[in-house]
Every structure is written in structure tokens, then in C-alpha cells.
Amino acid sequence: MSKNNNLKFWTYLLTPPINLIYAKLTKQGAKQGTRGQVYCPLVRLSVDAWDGVLYNCFRMMIYGGHCMENDRKIAVLIDADNVSDKYIKYIFDEISNHGTPTYKRIYGDWTKPQLASWKLVLLNYSITPIQQYSYTTGKNATDSALIIDAMDILYSKNVDGFCIVSSDSDFTRLAARLREAGMYVVGMGEKKTPTPFISACEKFKYLEVLAAIPATSEESNADARVEKPEAPQEGMASINELIESIKVIVTETSDDDGWAFLGEVGKKLNKRYPDFDTRNYGHAKLTPLISSFKQFEIQSRKSNRPHITHKYIRNKGEKGF
């Protein structure tokens, strides 16, 4: 049974009896059959907070304490034949948003003069170069070495995910196999990357887009814009396709008044389009991107935490029932 299935199993099994205990602790929950707030000397939790506590406790039990996405241990495997050394900083900056790189390996025939520019980069980022000679002309032995290492790392059970950096479609089956094993798989490559490899990854990032992100804090606010592509590349959803997908997602996940939580819409977009990234469309965040479309309304709602608001989206013209 995979970790995700274990999490669902224990959540299903243990939530009812724990909630009975919770009802005993509520002020009127035991009498009225409703859950209010826990009143005890140390903690006072709302219903939503209590559900969050249960879920995170189960996550810690199943994942051995790793309950945050950024706690993922990620093996970073780079195909030097298909990636330029100028992107290395942006690669590791992006990886830090997904987890902690534990394995850092790069594959190539280091006797070739065209790979000489990698030397200083490898030292600065503590990347282990893996030498792979080209045994025959026209055959890429580097890909095979990377695939074999990836499977060895998978069976070692020392990582939670993989980042495969390449623009080569030869790693499509590898990405699919790693996901079958329950691994989190991020792909990175140039915009020439074939669609099958992009689709095989859980998420895919374009290196040109990562390199175009503003570095200053002043440019990094919620309304920041990045270099906007002239036209969608192969594998990237067009603006019209994106808008139609958002409309469908909002309709499927909205409440009776037509409002859907924007965070959930973003998650579903990532599942439909592994290469979805607001930066692909010239915006640093999801809210500014949605605001640039005239087909949607956005509403801000205050949360229980000060200075934190939740964003909701509705298709224009839908007023609910």
C-alpha cells in the first residue's frame, strides 16, 4: 500500500472515534451533536483547525514526520547534453520551492570540450559529475546511465521525489515509472521539450521562464510581471484553452452561489496541465493572472488569522440559486 493510500486509510479509520472525543471536549457538542470549539486550558480550536490537526497528525504518522511539501527529499538528475550551465542557479532556486535536493548528479561525457564550462558550476553547487563515455556514434549512453541511477535511488527509498532536468523525450518512460512508484516528479527543460515528457511529469517548468523571473523584492510582489511569451509554445495551453479549463473547474468546484476557492482551482489546473505556471503567461502569481481575464470575478474573504485573506473566483454571469 502506498503512502497516500495509507494516509487515506488511517484518516478514514481513526477520524470517527477521535471526533467523539472532540465532541466530549466541546462546550455543547455532546448535547447538540455539533462541533463548536475545544475549551481546555491549553488549546481552543475551531472546527476547521481541528480537521487540520487530524490530517497533519496522520501525515506525520505515515510520512515519518514529513508533513510539509518543502520537507521532500528530492534527487536532482541533470542531463548535461541537453541543458546549458547558465540555468543551474534557476534550477536549484526552483527546486527549493518543492523540497530539499539530496542527490545532485549530472551526466555526460566530460572528455568533450563543449562540457568544460560546467566545471566551475559543479564546484559551486556541489553537484556530482557522472562520467559516461559514448561507446558508439549516434547512441546516447548518458541517458541510460541516468535512468539506471534513478531506479537505484528509487529502490533505496531515501527520497520522496525526483527532478529530471532535460529537454529529451527519452526520459518519458522513466518519469512515468517513478510516478507509478508514488514518487513526486518535477521535470525541467527548455521550451523545445516534447509534450510526452512534459505530460509524464507531475509538474514541469520551462527553464527560459525561470530565468526571466525578476530578482528584486520590489518586482516580486503579487502584481509583478515577468517576461511574457509572444505565443504559447508546444505543450503549453493557449490563453483560450486556459480560460475554458478554468470555467469548467470553477463550475465543478463552486458552491451554490458559484464561488470556488482559487487555491483549489490552481491545484486542478496543475493536474490538467503539468507545465502550468503563471509565469508562462507573464504573471508572477495566480491572482493577477485570473484578474487579467474578463471572464471571471474575484472575491477576497477574511480568514480567522489576521492579515490572511482567501481568494474566491466565479464565472461572470453566474449568480447561483
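Residues numbered from 1 in each chain as written. Predicted model: local features only at pLDDT ≥ 70, side-chain atom pairs only at ≥ 80, totals over all residues. Heavy atoms only, no water.

Provide a residue-level description of unusual backbone geometry, including the pertinent values.
One non-glycine residue, Ser126, adopts positive backbone phi at about 50°. For Ser126, the position within the fold is in the loop between α5 (118-124) and β3 (128-131). One non-glycine residue, Lys157, lies in the positive phi region at around 60°. Looking at the element boundaries, Lys157 is found in the loop between α6 (141-156) and β4 (161-165). (Helix = DSSP H or I, 4+ residues; strand = E, 2+ residues; numbered from the N terminus.)

Please give an account of the nonpolar core that cites residues and values.
Formed by 25 residues in total, the largest nonpolar core has its most connected members in Phe162, Leu174 and Leu178. Mapped by element, the contributors of at least two residues to this core are β1 (73-79), α6, β4, α7 (172-180), α8 (195-200) and β6 (203-206). In terms of residue count, α6 provides more of this core than any other element does, six residues in total. Ranked by size, the runner-up nonpolar core spans 23 residues in total, among them Ile106, Trp118, Val165 and Val186. (Core = buried A, V, L, I, M, F, W, Y, C linked by side-chain atoms within 4.5 Å. Buried < 20%, exposed > 50% of the residue type's maximum accessible area, 1.4 Å probe, protein only.)

Requested: an account of the sheet that holds β3, with residues and values cited.
Spatially, the six strands line up as an open sheet ordered β3-β2-β1-β4-β5-β6, and their pairing is parallel. If you trace the sheet from one side to the other, it starts and ends with β3 and β6, each paired once. Shown here is a sheet whose adjacent strand axes are inclined to one another by a mean of 20°, direction ignored. Bridge count for β1 against β4 is five bridges, and the pairing is parallel. Bridged to Ala75 within β4 is Phe162. (Pairing = 2+ DSSP bridges. Axes fitted to C-alpha atoms, helices over the stretch in contact; angles between N-to-C directions.)

Any details on the state of the cysteines? Residues and values, ideally.
Going through the model one piece at a time under the given rule, you end up with zero disulfides. Unpaired in terms of disulfides, Cys163 finds its nearest cysteine sulfur in Cys201, a separation of 8.6 Å. On the basis of relative accessible area, Cys201 is assigned to the buried category, the value being 0%. (Disulfide = S-S within 2.5 Å.)

An account of the pairing of β3 is requested, with residue identities and associated values reported.
The pairing of strand β2 (residues 100-108) with β3 spans four bridges and is parallel. Directly across from Tyr107, in β3, lies its bridge partner Ile130. You can see the chain leave β2, run along α5 and come back into β3, and the turn it takes is right-handed. (Right-handed = clockwise from strand over helix to strand, strands pointing away.)

An account of the sheet that holds strand β8 (residues 296-302) is requested, with residue identities and associated values reported.
One open sheet accounts for three strands, arranged β7-β9-β8; its pairing is antiparallel. With one partner strand each, in any of the chains shown, β7 (260-261) and β8 form the two edges of the open sheet. Sheet strands in contact with helix α10 (residues 239-253) are β7, β8 and β9 (309-315), and its direction is about 105° off that of β9. (Contact = heavy atoms within 4.5 Å.)

Lay out the side chain of Asp143 with the relevant residues and their values.
Positionally, Asp143 belongs in helix α6. Ignoring any residue separated from it by four or fewer positions in sequence, one finds Asp143 in contact with Asp79, Asp168, Asp170 and Phe171.

How would you explain the packing of aromatic side chains if you had to name every residue and give the values?
Describing an aromatic ring pair means giving the distance of the ring centres and the angle of the ring planes. Summed over all chains, the structure comprises six aromatic pairs. Relative to Tyr206, the ring of Phe204 has its centre 5.5 Å away and its plane inclined at 70°; by these criteria the two rings are edge-to-face. Ring centres 5.5 Å apart and planes at 55° place the aromatic pair Phe261 and Tyr312 in the tilted group. Of the two residues, Phe261 is situated in strand β7 and Tyr312 in strand β9; the sequence distance between them amounts to 51 residues. Residue Phe261 is classed as partly exposed on the basis of its relative accessible area, which comes to 37%. What links up through ring pairs into an aromatic cluster is the set Phe197, Phe204 and Tyr206. Here the basic side chain of Arg72 rests over the ring of Tyr184, its NZ or CZ set 3.7 Å away from the ring centre. The ring of Tyr312 carries the charged tip of Arg301 above its face, separated from the ring centre by 3.9 Å. (Phe/Tyr/Trp six-rings, centres within 6.5 Å; stacked < 30°, edge-to-face > 60°. Lys NZ or Arg CZ within 6 Å of the ring centre and 35° of its normal.)

Residues and numbers for the pairing of β1, please.
Burial analysis of β1 places six of its seven residues in the buried class, the great majority of the element. Judged from the seven bridges that link them, β1 and β2 form a sheet pairing that is parallel. Residue Ala75 lies in a different strand from β2, and its bridge partner there is Tyr103. One crossover worth recording links β1 to the parallel β2 by way of helix α4 (residues 88-95), and it is right-handed.

Got a sec to walk through the packing of α10 against helix α11 (residues 262-272)? Specific residues and values, please.
Packed helices, taken two at a time, are described by the angle between their axes plus the distance between the axes. Put simply, α10 and α11 touch, their axes get as near as 10 Å, and they point 125° apart. By the criterion of interaxial angle, the relationship of α10 to α11 is oblique. Along this stretch, α10 crosses α11, giving a crossing that reads as right-handed. Where α10 approaches α11, its residues Leu242, Ser245, Ile246, Val248, Ile249, Val250, Glu252 and Thr253 are matched on the opposing element by Val265, Lys268, Leu269 and Arg272. Split by residue class, the contact of α10 with α11 holds seven nonpolar, two polar and three charged. (Parallel < 35°, antiparallel > 145°, perpendicular 65-115°, else oblique. Left-handed = near helix turned anticlockwise from the far one by under 90°. Nonpolar A, V, L, I, M, F, W, Y, C, P; charged D, E, K, R; others polar.)

In short, shape yes, function no, at least from these values alone.
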